[in-house]
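Observations on chain architecture
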Amino acid sequence: MDSYLLIPFLPLAAFFINIIFGRTLIKDKAHWVSILAVFGSWVVSMMAVAEVLQGKTVNADLYTWITSGGFKVSVGFLIDQLTSVMLVVVTTCSTLIHIYSAGYMHGDKGYYRFFSYLSLFTFSMLMLVTANNFLQLYFGWEAVGLCSYFLIGFWYEKKSASDAGKKAFIVNRFGDFGFGIGVIMIFLTFGTLHYIPIFGAVNGMVGQTVDFLGMQVDLPTLIALLLFCGAVGKSAQIPLHVWLPDAMEGPTPVSALIHAATMVTAGVFMVARCNPIFSLSPVAMDVVAIVGAVTALFAATIGLVQNDIKRIIAYSTVSQLGYMFLACGVGAYGAGIFHLYTHAFFKALLFLCAGSVMHAMAGELDLQKMGGLKKYMPWTYLTMFVASLSIAGVPGLAGFFSKDEILWLAYSGPSPVGKLVWAIGTIVAFLTAFYSFRLIFLTFHGKFRGSHEQEHHLHESPKVMTIPLMILCVGAIASGWVGIPSLLGGGAHFTEFMKPVLGHLEGHGTHAEEWMVMAISVVAGLSGIGLAAFVYLREGDLAATVTQKFRFVHQVLWNKYYVDELYDFIIVRPTIWIAKNVIVGVTDGKIIEGIVNGVPELIGRFSLWLRSIQTGMVHQYAAVMAIGAFVVIAMVLLW
Amino acid sequence: MLAEGIFIYLAAAITILSVLVITRKNPVHSVITMLVLFFHIAALYVTLNAEFLAAVQVIVYAGAILVLFLFVILLLNLKEEAVARRYVGPWPLGLMAAVGLFLAIIVSLDSFVAGPKGAFTTEVIKAETNTKALGKILFTEYLYPFEVVSIVLLVAIIGAIVLAKKRLRS
Amino acid sequence: MIPLHWYLWLSAVVFMVGVAGFLMRRNIIIMFMSIELMLNAVNISLVSFSRYLDDMRGQILVFFIIAVAAAEAAIGLGIIIALFRNKVTAHVDEANEMKG
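Here we take up the overall build of chain C. Helix and strand content of chain C: three helices and zero strands. When its helices and strands are written in sequence order, chain C yields α-α-α. Since a compact globule built from 100 residues should have a radius of gyration of about 13 Å, the 17 Å found for chain C marks it as more spread out than a globular shape. Considering only C-alpha atoms, chain C reaches an extent of 50 × 25 × 20 Å along its principal axes. Every one of the 100 residues in chain C was classed for burial, and the buried ones make up 73%. When contacts within chain C are restricted to residue pairs at least 6 apart in sequence, those whose partners lie at least 24 apart make up 59%. When the accessible surface of chain C is totalled, it reaches about 3,200 Å², and 71% of it is carbon and sulfur. Here chain C carries 7 positive and 7 negative side-chain charges, and the mean point of each set is 5 Å from the other.

If you want it as structure tokens, here you go:
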């Protein structure tokens, strides 16, 4: 048990070493500290996973953090099936991305800073997933948000980067506000914040209502929706998805680790972790499913038309996160976590490949200026192609199994919105395949469309970058094999494994239906790839023609449904107006400044007046003395 | 009857002379008036059987302190004093304060209660002489204060030199 | 025998004159003399107490007062010289450097 402590605290130690000694002593050796720490963490995690695979779970408090009356919180670890999956995802991706970063960030002047933040992030994420109580979860939740802010704004000299960091942080406030209230509601209801006692007692909550904003609300629904608020913010679901595409201002390894593989999936993890609460509320479940499905569709459609290579992958991430929520919403938590697990590999891989392309293109992000990179960077091409196949759901690859499981359980499960979200999911599968391969074809095929200097500069990335790509590529292919459905002769080991924590959702349908669902999703994926090939591999300007024809649709998608503009109009501008005119003008300018300046002003004036007593004239002092003596004698006589 | 007559004369002279001291325009006149005043006070001490103090009054006050005053006045050569205003602007206020204080003291005199009598009756002092009696107490019971006074005087001497000395530089 | 109160009255009168002189005059030398007047007023009452209470302590105190008055006069006149050297005046209402 004690060795499990090393899992989060090795990266924390690396953070402290790098942040303290990085600038003066370690400098460009900073990656060694962080990589060794996170690798050690990975090794211990694997040992923990091996223990869990043998059925030994751990739930232990290490240290009592806060005791205040009935409020007792401790730092403790819960290592069970769900945590072990998250440990695999987090430590594996983290290790590989640390290694990749050593190449990608080479020569950056904030090198040590980058690695210390990355280590801090790894620590926070591990605290989040290993927590055995809600407050520690919340701590990790906020800490990863903080690291995300640091790393999005890593190149803070760039205005867009620091703005994006602020945006991510502020948008997350909205979600975390709800999440915080949710945690408080849980404490008020159960009197504790530890998972195990809470999940053991959730059934007592059924039928309870609570007065919320003057309405009688079903308690489980309220708590579940408040928790989901946090998940919506962290996992960039509608309506709080706006920060994730902007977060691409950060360095690409950050996008891969934080904004694709790990942090943004924390919302899914949290929903899955709280599945006993969510399962009590059909309303909340349907909300989760619908939000997930709508986000998946919404983000996928935006992804169709974007030209920024990282933003396309970012929308793809939002879309896939929607998929995971869709799964959770129909009750298929195991499938959702399964998709989280496979997605981490192929999405991290996609980002790292994009980083490799940017590396070759000297930071160029515009697809329209790429093309034909296949022959310059074969390894990047190969691995990215595999990742795209995986995300498109080509049979045999990781993405196929998890996506298929989600779609099947959505179709066959008991959820009332199941059929609807299945339909949306299938469409999204088609769109995903299309835009993923649009990206591939525009980047790697055809003729190079950039400038001559760029063409001259093109090269394959160094080994320190390509080797993590290959390892992740193996993951993108094989990570799904642990969950091959019984229909295809597998044992569905993954969902079986997760059963103690997440329960097991049985699909009710015939084998024929299951085959049909699988066939439809495969056909959707393949036809997406085919359509992309048809449009972008042929010579000619079919894409431009279609754009011309559906100019309005293209404009809407190109501008991301104008959500940013809407928020700017209804939230940002009024907030700034109030800040400027009410807070600065009245509260701060008049009231606070009035008090702060008024009191000294008053004292100053009083002192000026009082000063006139001190004339420097000996006579007056003596007269005062004489009068004083007179008064003293008079008082003695009269009393 | 004779004693009362002497006291009345001395009291009247002291009062008038003290008023004259504070009202003379020329400080030299004030000092001269004060000299006469001090002789009268010395005489008053004699009527109170304090011959030694009477002598000290004449020697120290009249002989030393007043000479010092006179010396300073002449040293400073206050020519403009003859034309300058004598009193400060709000002098009635000062006068009122002084009179008020006087009244307060007079009123409080009624509540004065004499303490227990000491051993030095007139007869004892006559037998021993005033100076000897004073000296005995001064050098036994009040030896330490006496020594402290010597230090005070020493400090005063040094202080007066430091203050009055011309600056060597600037 | 003359009542004690007569002496005390005389002492009070002289003290009052001293206070009045101190508060009214501009000339710092006269003000100093006023202080001497006040000291002498106190001396008168102390000597008379000594006489009427058959106790020598009053005279001892007077002795000390005269010594301190001498010291005070020396210092005070030193200050006057220093003031005059700096301000070329003996009028205290022209020296108000300590004004707040």
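Taken together, the 68 residues of chain C in the interface contact 89 residues of chain B. For the pair chain C and chain B, the summed buried area comes to about 7,200 Å², and 78% of that belongs to carbon and sulfur atoms. When residues of chain C are sorted by the area they lose upon contact with chain B, Met24, Arg25 and Met56 of chain C head the list and together hold 10% of the total. Connecting chain C to chain B are zero salt bridges. The tally of links from chain C across to chain B stands at ten residue pairs in polar contact (both at pLDDT 80 or more). Secondary structure elements with two or more residues in the side of chain C that touches chain B: α1 (4-24), α2 (28-52) and α3 (57-87) of chain C. A per-element tally of the side of chain C that touches chain B places α3 of chain C first, with 22 residues.

What follows covers the domain arrangement of chain B. As assigned here, chain B comprises domain 1 (1-86) and domain 2 (128-170). Inter-centroid distance (C-alpha atoms) of domain 1 of chain B to domain 2 of chain B is 22 Å.

With that settled, consider unusual backbone geometry. All names here are of chain A. Each neighbour pair has its own omega, and for Ile238 with Pro239 the value is 5 degrees, a cis peptide bond. In this fold, Pro239 is placed in the loop between α8 (219-234) and α9 (243-246). Positive phi outside glycine occurs at Tyr561, with the angle close to 60 degrees. When you line up the elements, Tyr561 lands in the loop between α24 (551-558) and α25 (563-611). Note on Tyr561: relative accessible area 31%, which makes it partly exposed.

With that out of the way, let us pick up the interface of chain B and chain A. On the chain A side, the residues contacting the nine residues of chain B number seven residues. Contact between chain B and chain A buries roughly 690 Å² in total, counting both sides, with carbon and sulfur atoms accounting for 91%. Linking chain B with chain A are zero salt bridges, by the criterion used here. Across the chain B-chain A interface, the total number found is zero residue pairs in polar contact (both at pLDDT 80 or more). Of the residues belonging to the side of chain B that touches chain A, the class tally is six nonpolar, three polar and no charged.

Residues and elements named next belong to chain A. This model, assessed by the stated rule, comprises three cavities of 30 Å³ or more. Considered as a void within the structure, the largest cavity measures approximately 70 Å³ in volume. As for the largest cavity, its lining consists of Gly331, Ala332, Tyr333, Gly334, Ala335, Glu405, Leu409, Thr495, Leu502, Gly503, His504 and Leu505. Listing elements by their share of the lining of the largest cavity, those giving two or more residues are α15 (333-360), α17 (398-412) and α21 (493-502). Take the lining of the largest cavity: its biggest share by element is three residues, from α15.

The next point concerns the side chain of His91 of chain C. Tracing the backbone shows His91 of chain C in the segment after α3. Polar side-chain contacts of His91 of chain C include one of 3.3 Å to the side chain of Arg26 of chain C.

Moving on, we come to the packing of helix α6 (residues 130-140) of chain B against α3 of chain C. For any two helices packed against each other, the geometry is given by the interaxial angle and the distance between the axes. Closest axis-to-axis distance for the α6 of chain B/α3 of chain C pair is 10 Å, and the angle between their directions is 80 degrees. When the interaxial angle is binned, α6 of chain B and α3 of chain C end up roughly perpendicular. Contact residues: Asn130, Leu134, Ile137 and Leu138 of chain B in α6 of chain B; Gln59, Ile60, Phe63 and Phe64 of chain C in α3 of chain C. Here the contact of α6 of chain B with α3 of chain C is built from residues that sort into six nonpolar, two polar and no charged.

Residues and elements named next belong to chain A. Volume-wise, the largest pocket comes out at about 1,000 Å³. Arg438, Val535, Tyr536, Ala543 and Ala544 are, among the 31 residues lining the largest pocket, the residues nearest its centre. Of all the secondary-structure elements, those providing two or more residues to the lining of the largest pocket are α13 (282-305), α18 (418-444), α22 (511-536), α23 (542-549) and α24. Ranked by residue count, the leading element in the lining of the largest pocket is α18, at six residues. The class makeup of the residues in the lining of the largest pocket is 18 nonpolar, seven polar and six charged. Of the pockets and cavities examined, the second largest pocket occupies roughly 670 Å³. If you go around the second largest pocket, you meet 19 residues; those closest to its centre are Lys167, Ile170, Val171, Tyr567 and Val572.

The rules we used
Residues numbered from 1 in each chain as written. Chains lettered and ligands numbered in written order. Predicted model: local features only at pLDDT ≥ 70, side-chain atom pairs only at ≥ 80, totals over all residues. Heavy atoms only, no water. Helix = DSSP H or I, 4+ residues; strand = E, 2+ residues; numbered from the N terminus. Rg over C-alpha atoms; globule rule 2.2 N^0.38 Å. Buried < 20%, exposed > 50% of the residue type's maximum accessible area, 1.4 Å probe, protein only. Contact = heavy atoms within 4.5 Å. Areas by Shrake-Rupley, 256 points an atom, 1.4 Å probe, with all protein chains shown as cover. Lys, Arg positive; Asp, Glu negative; His and termini not counted. Charge placed at Lys NZ, Arg CZ, Asp CG, Glu CD. Buried area = accessible area lost by both parts, 1.4 Å probe. Salt bridge = Lys/Arg side-chain N within 4 Å of Asp/Glu carboxyl O. Polar contact = N/O pair within 3.5 Å; in protein donor to acceptor, adjacent residues only side chain to side chain. Domains from an automatic or database assignment. Nonpolar A, V, L, I, M, F, W, Y, C, P; charged D, E, K, R; others polar. 1 Å grid on protein atoms, 1.4 Å probe; cavity = no way out; pocket = protein on both sides within 12 Å on 5 of 7 lines; lining within 4 Å. Points joined across faces, edges and corners; volume = space filled by probe spheres on them. Axes fitted to C-alpha atoms, helices over the stretch in contact; angles between N-to-C directions. Parallel < 35°, antiparallel > 145°, perpendicular 65-115°, else oblique.

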